[in-house]
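Here is how the chains run, residue by residue.
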Amino acid sequence: MMKKANDISKIETQRYSNGNDINYETEKTRSDQSIDIIKENPNSKILEDESTTEIKLSLPSASNPLNARRRFHQKTSTNVQGEFTLPTNPPITVTIQPQNTAPNENFQKVNSFHDDQIYSPDQIHQLINEHRISYDISLRGTSTIVNYFMDLLKPSDNKLAMKLFGSKKGLLKERLRQQRSGHCIIHPCSNFRFYWDLIMLILLITNVIVLPVAIAFFSEEINSLRWITFNVISDAFFLFDIVVNFRTGFSSLNSTEEILIDFVSYLGVLRNDYIDEIILEPRLIAMHYIKTWFMIDLLSSLPVDYLFLFFDGGDHTGGYTIARTGRAIKVLRLVKLLSLLRLLRLSRLVRYIHQWEEFLSIASMVMRILNLLALIILLAHWNGCLQFMVPMFQNFPSDCWVALNGLQNAPWTEQYTVALFKALSHMLCIGYGRYPPQSYVDMWLTMLSMVIGAMCYAVTIGHVSALVQSFDTSRRLYNEKFKQVEEYMAWRKLPRQMRNRITDYYEHRYQGKIFHEDTILTELSERLRLDVINYNCRSLVSSVPFFTNADPNFVSDVVTKLHFEVFQPGDQIISEGTIGDKMYFIQEGVVDIIKADGTVLTTLSDGSYFGEICLLTRAKRVASVRCVTYCNLYSLDSSQFELVLESYPLMRRTMESVAAERLNKLGKNPSIISTRHDLKRDAAVLKNMIDRATP
Ligand code: CMP
């Protein structure tokens, strides 16, 4: 049996002929699809026989849309070629060769714009001018209006383009790529597409509102000039929109081409920067459009109702008048029903609104809810029209709601108001309008609108609760965590006093919000992380004299290694005689230094530090430290302490001097801190300074 590339099912590292490492992971389905795509590509081949499978990949060159990348800051893999064998049974040989293209002479200059070269603004300007010149040459003989029009089709300097292409240089490259892609290819980020979408948006909104009203309430005027003109104009626009869609590039994301690119990038040949680019190749655009929205767009744009009238026109000769009238009425009803096909334009409305949100970068949860509300209002409007249209098609039987309300010949505004009231009453499940349904048709209609209403209600609740959930996530996280702690305390049957202390601790430590601060900080760039940490510790640095007068690099080094800790009044932070592994800086709070006999030697507060003697001497703690108030401390562990002081010997000296003076006060020998000869002198100088500073 012939084996296919779906035998590739492991992650392996292969070294291929040009010496690069290739990492690839190919799943069964993925490779299957990829092979299909390779098969579709006329320049790529799969040769299979009993024992081996050979894949020939013809990779696109610069003129192929697959070859132009969105992330231009990354380096390009230009000459991608080679041959390697996948370790499958039977082995699969993949040959990669560049695709042969014959670029236009005018564009060769354009192609000299390289990713990996750094351009000054002047050079970019010059390149733009050169690009214009080459472009002018290519359009020699064409008028400036055509030039202007062609320029409209290129990506412009809008928010979406900047988001996609990252920089002016990236945008310029994309413009060049668009130019290479052929005549009248519209870039999705172009000004033309922007304004076209705007026109279509207005037209679509008008259509989805006016059409059902016209069909339901103005059925007699279906052949009036006003109505036909409106239909002809909007149909013409919608048909032209199909042509525009056939020429508008699309994002490769989710497209079949992406699977090929994925496959190749897994092999290590191309980098991921090929993914999610704008496809501008006319054949691919057409294929993509036909596979996605073309049928719905065509169905909603073709004037099938008028075509029907046109074809039907020839049959009305020579029949009996009554039969003809009856037939004409049936045809007219069918025409009205077929007009409803235009409501399929709603799909386009949703798409264009989405595109516009992308253009303006306003896609958010709030926008989604606004869209949803608009959709619900539109559904209610359609439902109202439907409520009237069905009895109208039945010629208003005596038990229908229109006849019960005596609205057969009322003005359309009155009919519409009662119909909308009825529809909304059903949808919100608060009644049946003015009369409950009498006929079966009315009952079915009521049930339908109740179901639609319930669905709208469910979706709205879902969206709104998601919106509420997205607000204040840190508070929600805190509440969830605290709930868990409460459950834990109850489960462990902790005593009341301990529970109160834990609750106090949580309130003081987190103050109602929990952030995964470490994760947030590690996700930042190094520079940014350093700046944020320095900013967060600014009050500590300004309050601790040891930092205020220190080398800024030392401060910056230390603060990145600190950990925030909170202690409660009465907490014993340090116990005398124990081995210590951290020292503390007091940001806020008061601690007592307690001697072995239990007397308070001294009290330290904001800006002081303690616990350093143990780290300097690598001996036991010389005193105990107890909290008097709530204390916000920053701790530094022994390994980091050593690391920092090693790089800043002067700071070590200062710390040693303070420690020696403290030991002096405790009546202990300061030489355990250091054996250096000038330690005593430093300590004496320090004591002198402190004595003079404190009256
Ligand atoms: P360490 O021995 O690691 O732990 C107890 C800490 O109390 C000690 O470090 C000093 O930081 C601190 N300490 C001891 N004596 C004094 C003092 N006289 N003044 C201020 N702090 C002191």
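For the structure, see preceding data.
Attention in this report is confined to the structure presented alongside it. (Residues numbered from 1 in each chain as written. Predicted model: local features only at pLDDT ≥ 70, side-chain atom pairs only at ≥ 80, totals over all residues. Heavy atoms only, no water.)

The final tally for this structure, using the stated rule, is 12 salt bridges. Between K483 and E486 there is a salt bridge; the shortest N-O distance is 3.7 Å. Pair noted here: K483 and E486 are both in helix α19 (residues 473-491), with a separation of 3 residues, about one helical turn. Under the relative-accessibility criterion, E486 is labelled partly exposed at 35%. Residues participating in the shared-partner salt-bridge network are D472, R475 and K513. (Salt bridge = Lys/Arg side-chain N within 4 Å of Asp/Glu carboxyl O. Helix = DSSP H or I, 4+ residues; strand = E, 2+ residues; numbered from the N terminus. Buried < 20%, exposed > 50% of the residue type's maximum accessible area, 1.4 Å probe, protein only.)

Tallied over the entire structure, the rule returns 30 aromatic pairs. Each ring, one from F218 and one from W412, has its centre 5.3 Å from the other, and the planes form 55 degrees; the classification is tilted. Within this pair, whereas F218 is found in the loop between α7 (191-217) and α8 (225-246), its partner W412 is found in helix α17 (residues 412-427), the two being separated by 194 residues in sequence. Overall, the relative accessible area of 35% leaves W412 in the partly exposed class. Centroid distance F546 to Y609: 5.3 Å. Interplanar angle 55 degrees. Geometry classified as tilted. (Phe/Tyr/Trp six-rings, centres within 6.5 Å; stacked < 30°, edge-to-face > 60°.)

It is worth spelling out the side chain of S657 at this point. Relative to the helices and strands, S657 is located in helix α28 (residues 649-666). Separated by 2.7 Å, the side chain of S657 and the backbone oxygen of R653 make a polar contact. (Polar contact = N/O pair within 3.5 Å; in protein donor to acceptor, adjacent residues only side chain to side chain.)

Consider a sheet: its strands pair through backbone hydrogen bonds, and that pairing is either parallel or antiparallel. Strand order in the open sheet formed by 4 strands is β10-β15-β12-β13, with antiparallel pairing between adjacent strands. Of all the strands in the sheet, just β10 (572-574) and β13 (600-604) have a single pairing partner and so form its edges. Across the sheet, the axes of successive neighbouring strands diverge by a mean angle of 30 degrees, strand direction being ignored. In the sheet, β10 pairs with strand β15 (residues 624-627) via 2 bridges, with the strands oriented antiparallel. (Pairing = 2+ DSSP bridges. Axes fitted to C-alpha atoms, helices over the stretch in contact; angles between N-to-C directions.)

The subject of this paragraph is unusual backbone geometry. Here the phi dihedral of C429 falls at roughly 55 degrees; this positive angle occurs in a residue that is not glycine. Locating C429 in the fold gives a position in the loop between α17 and α18 (440-470). Even without a glycine there, the phi angle at K493 is positive, about 50 degrees. Note on placement: K493 falls in the loop between α19 and α20 (496-510). We classify K493 as exposed; its relative accessible area is 68%.

Okay, the pairing of β13 next. Where strand β12 (residues 591-594) and β13 come together, 4 bridges link them in antiparallel fashion. Within the sheet, the bridge partner assigned to I593 lies in β13 and is T602. Connecting β12 to the next strand, β13, in antiparallel fashion are 5 residues, including G598 with a positive phi near 95 degrees.

The next point concerns the packing of α7 against helix α15 (residues 365-393). Contact geometry for α7 and α15: axes closest at 8 Å, N-to-C directions at 15 degrees. Comparing the axis directions of α7 and α15 gives the class roughly parallel. The crossing of α7 and α15 is left-handed. Contacts between α7 and α15 pair V208, I209, P212, V213, I215, A216 and F217 from the former with L378, H381, W382, C385, F388, M389 and M392 from the latter. When the residues that make up the contact of α7 with α15 are grouped by side-chain class, the tally is 13 nonpolar, 1 polar and no charged. (Parallel < 35°, antiparallel > 145°, perpendicular 65-115°, else oblique. Left-handed = near helix turned anticlockwise from the far one by under 90°. Contact = heavy atoms within 4.5 Å. Nonpolar A, V, L, I, M, F, W, Y, C, P; charged D, E, K, R; others polar.)

To continue, consider the environment of R283. Structurally, R283 is set in helix α10 (residues 282-291). With relative accessibility at 46%, the residue R283 sits in the partly exposed group. Here the alpha-carbon distance between R283 and F246, two residues 37 residues apart in the chain, equals 9.2 Å.

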